[in-house]
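Observations on chain architecture
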Amino acid sequence: MESIGTFLPLIAMMPFVGALFPGLMIQAGRNVCAMTAAVPTILAIIMLTICAPAVLDGEVLQFSLPWLPSLGLNVNFFLDGLGLLFAGLILGIGILIILYARFYLSRQDPMGQFYTYLLLFQGAMVGIVLSDNILLLLIFWELTSLSSFLLIGYWKHLPEGRQGARMALTVTGMGGLAMIAGMLILGNIVGSYDLTVILENKDAIQASPLYLPALLLILVGCFAKSAQFPFHFWLPHAMAAPTPVSAYLHSATMVKAGLFLMARMWPVLAGTPEWFYIVATTGLITMVLGAVIALFKDDLKALLAFSTVSHLGLITMLLGFGTPLAAVAAVFHIINHATFKAALFMTAGIVDHEAHTRDIKRLGGLRHLMPITFLIAMLAALSMAGIPLLNGFLSKEMMLEEAAHTVWAGSPWLVPALATLGALFSVAYSFRYIVHVFLGDVRQDYPSKPHDPDFGMWAAPGFLVLLVVLIGVLPAVAEPLVRTTAGAVVGGELPYFSLKIWHGLTPALFMSAIAVAGGALVLSIHSVLAPRWDAAPRPEAKQIFDAIARTATVFSRWLTDMLHNGSLSRFAAIFAVAVIAAGLFAWTGGEAGPPVREPLEIAAVPAIAWALLVLCSLGMLVFHRNRLLVLILMGVVGLIVSLAFIYFSAPDLALTQISVEVVTIILLLLALNFLPKVSPKESSPGRRLRDGVVAGAGGLAVAGLTYAILLGDFAQESISAFHLENSYSGGGGTNVVNVILVDFRGYDTFGEIIVLGIAALVIYALSQSVLGGAGGRWLASGELDSKKAGDRHPLMMVIASRVMMPIALMAGVYIFLRGHNEPGGGFIAGLVVAIALVMQYMASGFAWAVARQRVPYHTTIALGVMAACFTGVGAWFAGRPFLTSDFGYVTIPPLEKFELATAMAFDIGVFLCVIGAVMLALDSLSSMARRAGETVNQLPMDIDPARRSVANATDKMAVAAGKEA
Amino acid sequence: MTELPVMMPASPEIFLACAAMAMMMVGVFVKAENAYRVVSTLAIVALVFAGGLVLHVGGGRQEALFGFFVVDDFAVFMKVLILIGSVVALIMSEGYVQREKMDRFEFPILVTFATLGMLMMVSANDLLSLYIGLELQSLSLYVVASFQRDSIRSTESGLKYFVLGALSSGLLLYGCSLIYGFSGTTQFDTLALALTGDDTSKGLIVGIVFLIAALAFKVSAVPFHMWTPDVYEGAPTPVTAFFAVAPKIAAMALFLRTMLGPFGDLVADWGQIIWLVSVASMLLGAFAAIAQSNIKRLMAYSSIGHIGYALMGLAAGNEEGLKGVLIYLAIYLIMNVGVFACILSMKVQNRMVENITDLAGLGKSNPAMAVLLMVLMFSMAGIPPMAGFFGKFFVFMAALNAELYALAIIGAVSSVVGAFYYLRIIKIMYFDEPVEAFDKVETMGLRGVMIVSGLLTAVLFIYLPGITDPATAAAASLFGG
């Protein structure tokens, strides 16, 4: 049957291809436009008819096209009884709707667009029922949501239309996503995404622990699509769409997609208690609820919409029973409902079209004005009510028969009673459709004179009603189709059944009789009930939907306000807490192993130092607003750290640390000049508490981690041994730290001095641009003017710094030279010399000092970097890699023999760079000070300008002396 | 002369570095009013050329620079995505940058440097080269985020990003040093050999966890995502467009290579953290986005959610999961670029607007853009047959096959919630009363990006192997090597 199978993708594609044309052909007139929409549908119907005999013989047609072969995903189509029934319904009613819409739509409506959307939708629906692959099915499924929302929103000028489209989109879209997840889980259980394969794996699926989640997710999708309780509310709101759309989407096709899927998955999902209780109960509730609401709706289409909800519930309930006979009844009712409900929607559309109102309260007596419409509507409504000799009766009988045998949670009467109640209200609203609209006196207040429409408009419902009667009188004509379809649903042998009008005096007949009598009675007291119903408080689904949306928004706003209020400290706190928690988690996860090292003995002096360290750190917390005090405390901390280095025999580190401390403290001190003495209080006590707790936890965590790590060994031997061994033989120095800096890791150092130089330049550039902008104006405004010390450049300090200067330089040279073998080196030497120079500037004033400074700082930095660089390049000439050092020994009398390593040239680079960087930073600070109004001293010993008047004479003399010099 | 290390596999990076430095010179010496245009064009050409080099170097495992740098199919795949993201970001920013007076030539250069850092990250085969690449990227991004210096929002976002980014970098280094301390190496290959999964020491796991936290910050996964909404909203829109794509992909690449390479055998130890981060990201992305009114902020939450889905594949910790992530990222790139092209076109009378309500009535005033944006939103929500669905599909399948059922179901639920706000945008475009119509889409580039990405999103399902085949090869290269 491969050859017939190739029709399947063509059937699915036909409407999509056809969708291209109506939009274009509308130029050629409305009839041509409708024709172009009809032709592809008719072609598809013809192809389906060709396939039909084979399917009715029990064959399953298949077609496969590779898509993602590596994943085993193929474009698979198949056609069995169920697919045939639905494809027939979709295409058959589709062609009738196309005909009907041609006459229904007015000249102002863009018809081409309408047919395009309609065909898109039709194609998607056909795709659903023909797909053999889950993914393909899902694609078509969502396409129906998309195109249906285009159709529902078609009349954009109606606000309810917009509301309806939005709700339909939200509910079915979200339901669809849930279903996707469920279907994928199903595919995962089976290991294949082909429906035909999945349908053969009932046992595997029902045994899987994922059966329930998958079932729930799929059912959510189906219920949302088929407007089952509690998702039933969107369907009536979608009724703002043009009537042809309502007739097509909301009676025959889209809302049945959920039913289709339940029927499709029936063989693998049904039969479990979960399935029964979820599906049957939902169906039952929906059936009764929908019927009751429908009775009290005054809008014709709303009445029909809720009746549709009710009937869909009925079919859902039948599928939920899980017995083969119930499945037969479900299939039969699907056919019957499609015929009479589509006809009813179309008559409602005719009434609306002619009388210009759909409000039942304003209608009545149309029997005389529109006899043909009345006949059609009456037959269809009677069928809906389940009156004998019409097809609705047959399937309703079967439903009641099944319900009569169903036991729900141990109670044998609950389901039958409720089913009868549902049927009763169903009869009531069906009669109401006839009585209140068509019977009664002719009303005179119609906006226009209603009359029967053209043949074109009533042809489609008329044809459907013919079917209603035909099946009602001769049920056997539908039997082959029902049998094949039900066989496909059940996926196995069907028990004996026959479609006939008279089954004898069964319980179902009595229930039916009660329903008809009761329904008539309820309708007769409708005028009494209706006001009470309107007054009764009841949950309005739309309001609930809006409330849920609003709650979600409120919750979301609360969530984001709480998390993302823009406060950086909160961000950092969350960050820290998360890291601590993750660290704790990790700590509990791994193997620690016993500590392999003994803690060191704690001697008294280090313990005191340690206590001082902790005390100073805490002190910084307490006094953090007093900046000067904090700086001093920081200095103490730095000092203790360098002492600790000495204690652990690391003199190099200690030297470096202490000189870095001195330089940074001095520079910071100078910078503090421009800042308020006390920083403002910014956070509340609560926040400080929070920050304290978080910081404390973080600190303890890091300390604990460090402690634990110190007690253990690292995975590999430390690299120290290698350095100790090779320091002298490879680097020519006995001071390993220095050799590391200038030799082993010379490249790093080279990078670092460049960074240092760049940092100094950046400080300079920043201070220049600050001075040029608002910051400079602020400095110049004199707001900074605080009390100054009387002696800017005290005599004692000037003298001392000058005496110290040569000594410090000497010390610097000494430290530099011994650096390669003993503690010292270019970096420390640079700092020492820099400190000596900084002291000159501080003691004697900037201008005075700068006048005596020959080499500009930028140049110093550049020279340093270049010296280091050329040393490195020099190694190339010796055929060695960049920065390889060499050394030799020279004797310059009268000195002792000493070692000269190329590393020393490199060290000079470091030395120069450090000096240049520190001095440039100082220069930047001083230029800020000058901007802030500090006068420039010309002389080494200067006093505060405020005291100048007193000391004027002295000053003048000094200036004169300076000039002479 | 000494022998030079193997460098050829790194030729795209070396080229980009030289090109960026050359562009700085060009920028300085070209006339000021032309500088931006010239440099921007040069940057695009350089990035495209670098892409050509990447393809020329090709897949197949090649090491360079003493094993610090590695090129394989995975690297090629990721680098191509990153380069596309950067080039498109530059193309899209043209109009905006000139109009908003931020047309300084440093902008394209910074983007180029950031891209260079990202390429380094993708190819890093050592904790040290990882850090260098990451910092080059981050430092460039900090500056770019605050590029609109006169805007308080922009500078604030840049500062926040910098402070938190520095924190995370510190954490990364701390983690790296712990890892080094307990394994004795920083090289990925040696690490992989050393860490076999039995008797892992605590210190090492803490190190890995810190590394994860820092990387989670870079991909903006919950709870390290805090910077994202502020930076997305505050940064100039073209910068946000850039942020949303290339750096995310690069950081994900880094994440994948680090976790699945050297620490692949320890998946039992870190898998749960990724699991948690993934769940939290998906949920927060879904729920927090509902209340947003600013579309850039919305996209921030959306990106957090998307990262959550991508991490789902990582949580699976196997080749299938990796493949899922790669496909996800490729599709994420396509979609996001399109959405940002639309956001960059939200301009009323020469003034940028950013509120979701400003989209009202777009279906009438600019039907073509509305259709494209609708396709993109459906895709973001993961509704078939749009590309976004397939991205989710592959990671979901990976999670299910790895028996991470709870993760998959939470993912499904949050994608349902997430659909709410994507659909809301469609509803606003099509059903709300029109407000002022947008100006015409500014540049050809912007229009082109919008159309190409919208079309690709819509029709990708016809030829999926175009993405899945390279992704499969890339995933195999990381596991096979």
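Calculation notes
- Residues numbered from 1 in each chain as written.
- Chains lettered and ligands numbered in written order.
- Predicted model: local features only at pLDDT ≥ 70, side-chain atom pairs only at ≥ 80, totals over all residues.
- Heavy atoms only, no water.
- Helix = DSSP H or I, 4+ residues; strand = E, 2+ residues; numbered from the N terminus.
- Rg over C-alpha atoms; globule rule 2.2 N^0.38 Å.
- Buried < 20%, exposed > 50% of the residue type's maximum accessible area, 1.4 Å probe, protein only.
- Contact = heavy atoms within 4.5 Å.
- Areas by Shrake-Rupley, 256 points an atom, 1.4 Å probe, with all protein chains shown as cover.
- Lys, Arg positive; Asp, Glu negative; His and termini not counted.
- Charge placed at Lys NZ, Arg CZ, Asp CG, Glu CD.
- Buried area = accessible area lost by both parts, 1.4 Å probe.
- Salt bridge = Lys/Arg side-chain N within 4 Å of Asp/Glu carboxyl O.
- Polar contact = N/O pair within 3.5 Å; in protein donor to acceptor, adjacent residues only side chain to side chain.
- Nonpolar A, V, L, I, M, F, W, Y, C, P; charged D, E, K, R; others polar.
- Phe/Tyr/Trp six-rings, centres within 6.5 Å; stacked < 30°, edge-to-face > 60°.
- pLDDT = per-residue confidence, 0-100.
- Expected span 1.5 Å × (residues − 1).

**Quick notes on the overall build of chain A**
Check the secondary structure of chain A and you find 40 helices and four strands. Here chain A has a C-alpha radius of gyration of 46 Å; the compact-globule value for 965 residues is 30 Å, and the former is much larger. Dimensions of chain A, computed from C-alpha atoms along their principal axes, come out at roughly 135 × 65 × 60 Å. When burial is assessed residue by residue, chain A has 52% of its 965 residues classed as buried. Looking at chain A alone, contacts between residues at least 24 apart form 79% of all its contacts between residues at least 6 apart. Of the roughly 42,300 Å² of accessible surface on chain A, a fraction of 70% belongs to carbon and sulfur atoms. Put simply, chain A has 54 plus and 57 minus side-chain charges, and the middle of one group is 13 Å from the middle of the other.

**Comments concerning the overall build of chain B**
Secondary structure assignment for chain B yields 19 helices and four strands. Here the C-alpha radius of gyration of chain B, 21 Å, is about what a compact globule of 481 residues would show, namely 23 Å. Its C-alpha atoms give chain B principal-axis dimensions of roughly 65 × 60 × 40 Å. A buried classification covers 69% of the 481 residues belonging to chain B. Across chain B, every contact between residues at least 6 apart in sequence was considered, and the portion connecting residues at least 24 apart equals 81%. The centroid of the 25 positive side-chain charges in chain B is displaced by 10 Å from the centroid of its 32 negative side-chain charges.

**Details of the interface of chain B and chain A**
Taken together, the contact between chain B and chain A spans 79 residues of the former and 67 residues of the latter. In this assembly, chain B packs against chain A so that about 6,400 Å² is buried in total across both faces, 80% of it on carbon and sulfur atoms. Looking only at chain B, the three residues that lose the most surface to chain A are B:Lys202, B:Met226 and B:Phe431, adding up to 12% of its buried area. In this structure, the connection of chain B to chain A is made through zero salt bridges. The tally of links from chain B across to chain A stands at five residue pairs in polar contact (both at pLDDT 80 or more). Looking at the side of chain B that touches chain A residue by residue, the classes come out as 52 nonpolar, 15 polar and 12 charged.

**Some details on unusual backbone geometry**
A cis amide bond links A:Phe229 to the next residue, A:Pro230, at an omega of 0°. Phi is positive for A:Leu389, which is not a glycine, with a value near 75°. Along the chain, A:Leu389 falls in the loop between α18 (371-385) and α19 (391-404). One non-glycine residue with positive phi stands out, namely B:Lys101, at about 55°. As for its placement among the helices and strands, B:Lys101 is situated in the loop between α3 (73-99) and α4 (106-123).

**Here's the deal with the packing of aromatic side chains**
All names here are of chain A. Applying the stated criterion to the full structure yields 32 aromatic pairs over all chains. An angle of 85° between the planes, with centres 5.1 Å apart, marks the rings of phenylalanine 455 and tryptophan 458 as edge-to-face. Separated by three residues within a single helix, phenylalanine 455 and tryptophan 458 lie in helix α21 (residues 455-473), roughly one turn from each other. Look at phenylalanine 455 and you get exposed, because its relative accessible area is 56%. Its relative accessible area of 23% is what places tryptophan 458 among the partly exposed residues.

**What to know about the confidence of the model for chain B**
Residues and elements named next belong to chain B. For chain B, the mean per-residue pLDDT works out to 88, and 98% of the residues sit at or above 70. The element-level mean pLDDT for chain B is lowest in helix α14 (residues 362-365), coming to 80, with α4 highest at 94. Across the predicted assembly, pTM comes out at 0.82 and ipTM at 0.87.

**So, helix α18 (residues 444-459) of chain B**
Compared with an ideal rise of 1.5 Å per residue, which puts 16 residues at 22 Å, α18(B) spans 22 Å between its outermost C-alpha atoms and is within 8% of the ideal. Where the residues of α18(B) are buried, they touch α3, α13 (319-344), α15 (367-381) and α16 (387-401) of chain B.

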